[in-house]
Amino acid sequence: MPFQCDVCNAVYTSKGYLKTHLMAHAGEKPYKCSVCSAAFTTLTSLKIHLRTHTGERPYKCTKCNAAFSQSGALNIHTRTHTSERPYECTNCSATFSELGYLKRHMRTHTGERPYKCNICSAAFSYPQAAKAHMKTHTGERPYKCTVCSAAFSRSGNLKTHMRTHTGEKPYKCTICIAAFSEPGSLKKHTRTHTGERPYKCTDCSAAFFESGNLNRHMRTHTGERPYKCTICAALFTCSGSLKTHIRLHTGERPYKCTICCAAFSRSGHLETHIRTHTGEKPYKCTLCSAAFSQQGNLKTHLAIHTCIS
């Protein structure tokens, strides 16, 4: 005989399970931690919590040396070895190893951003992003690189940054030889093979590989330019454009040629310059045999054909 909750209609197989469930409605937490002030509705929850104090990790991975305090965390970790992604998006082809990741992803389709900044109008689809954003107001960067002076507001950003020193690129493409230092970059790269553009504009037919590109594109419709130069009155639609602009004021040229002493404020300018050394001319005319190192030169050349015709 099933036991049903009178408050939310949840059904349980035993009276004991129902009794424990009712504590959640009543706010009753009889199991108290002897180390801190935490309290729980079940003894099992208290036991799991105590492992945060003792450091106990009884659930061990059989494939690597990882260990966890909860069996669920081990199950999720095991999927990094099996590549299992049981949670599927009903709107696109995306799949995920955790239900939480799927829920977060669904917000890219619904546009829901429930986590709001209490200082500015920014809103986010998941709490970690909101927490990291708050550090842009406080200036807090607690995660510091031990090799250089870089510091970060997120531990994950530091971990990714460290790979610029080690050269580690653990995320490998299964279609080509490309490898990446972070999983997000591999995911974006894979779309260049599949042609998938899951992020679609609601105002026009444009679609994008990345959510950030869609956000930038939307500003062409709204006219929003949220990135302001603190030195002059210039405004920009994306942070990268502001960063490049700032170099006009500071004179910084971080992109240096390894062949000569030339240096540039933009990576694209360095890439074009390198072709003066290599002789590469990737921009080819479809009407004659001419080829050019810069796209602008090709456009100028095509005008000659237009005038002749």
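Since we're looking at a predicted model, the values are computed, not measured. (Residues numbered from 1 in each chain as written. Predicted model: local features only at pLDDT ≥ 70, side-chain atom pairs only at ≥ 80, totals over all residues. Heavy atoms only, no water.)

Participant: Would you explain the overall build of the chain in this entry?
Facilitator: Across its full length, the chain carries 11 helices and 22 strands. Taken over C-alpha atoms, the radius of gyration comes to 27 Å for the chain, far larger than the 19 Å a tight globule of 309 residues would show. The buried share of the chain, reckoned over its 309 residues, is 25%. Excluding contacts between residues fewer than 6 apart, the proportion of contacts in the chain whose partners are at least 24 apart in sequence is 2%. (Helix = DSSP H or I, 4+ residues; strand = E, 2+ residues; numbered from the N terminus. Rg over C-alpha atoms; globule rule 2.2 N^0.38 Å. Buried < 20%, exposed > 50% of the residue type's maximum accessible area, 1.4 Å probe, protein only. Contact = heavy atoms within 4.5 Å.)

Participant: Honestly, the pattern of salt bridges in this entry has me stumped. Any pointers?
Facilitator: Pairing of side chains with opposite charge becomes possible as their charged atoms draw close. Evaluated as defined, the whole model comprises 10 salt bridges. Across the salt bridge formed by glutamate 84 and arginine 79, the nearest N and O atoms sit 3.8 Å from each other. Residue glutamate 84 is classed as partly exposed on the basis of its relative accessible area of 41%. What makes arginine 79 buried here is its relative accessible area of 16%. Between arginine 163 and glutamate 168 there is a salt bridge, with the nearest N and O atoms lying 3.7 Å from each other. Among the residues examined, arginine 163 registers a relative accessible area of 11% and is labelled buried. On the basis of relative accessibility, which here comes to 41%, the residue glutamate 168 falls in the partly exposed class. (Salt bridge = Lys/Arg side-chain N within 4 Å of Asp/Glu carboxyl O.)

Participant: Would you mind going over unusual backbone geometry with me for this structure?
Facilitator: Backbone phi values are negative for most residues with the exception of glycine, while trans is the configuration of most peptide bonds. One non-glycine residue, asparagine 9, lies in the positive phi region at around 70 degrees. Residue class for asparagine 9 comes out exposed when judged on its relative accessible area of 52%. A positive phi is found at serine 83, a non-glycine position, where the angle reads about 65 degrees. Looking at where serine 83 falls in the secondary structure, it is placed in the loop between α3 (71-82) and β7 (87-88).

Participant: Help me understand the confidence of the model for the chain in this model?
Facilitator: Reading fine detail from the predicted coordinates is not recommended where pLDDT is low. Mean pLDDT over the chain stands at 87; residues scoring 70 or higher make up 99%. No element of the chain has a lower mean pLDDT than helix α1 (residues 15-26), at 82, and none a higher one than β7, at 91. (pLDDT = per-residue confidence, 0-100.)

Participant: Explain the side chain of arginine 247 here, please?
Facilitator: Here arginine 247 lies in helix α9 (residues 239-250). The buried category is assigned to arginine 247, whose relative accessible area is 9%. If we skip the residues at most four places from it in the chain, arginine 247 touches Glu252, Pro254, Tyr255 and Ser265.

Participant: Explain the packing of aromatic side chains to me, please; I cannot follow it from the model alone.
Facilitator: The final tally for this structure, using the stated rule, is 0 aromatic pairs. Here the basic side chain of arginine 104 rests over the ring of tyrosine 126, its NZ or CZ set 3.9 Å away from the ring centre. Sitting over the face of the ring of phenylalanine 209, arginine 197 holds its NZ or CZ atom 4.3 Å from the ring centroid. (Phe/Tyr/Trp six-rings, centres within 6.5 Å; stacked < 30°, edge-to-face > 60°. Lys NZ or Arg CZ within 6 Å of the ring centre and 35° of its normal.)

Participant: Is there a simple way to think about the environment of lysine 63 in this case?
Facilitator: Considering the arrangement of structural elements, one finds lysine 63 in the loop between β5 (59-60) and β6 (67-68). Residue class for lysine 63 comes out exposed when judged on its relative accessible area of 62%. Each C-alpha atom, one on lysine 63 and one on histidine 81, is 7.6 Å from the other, the two residues being 18 residues apart in sequence.

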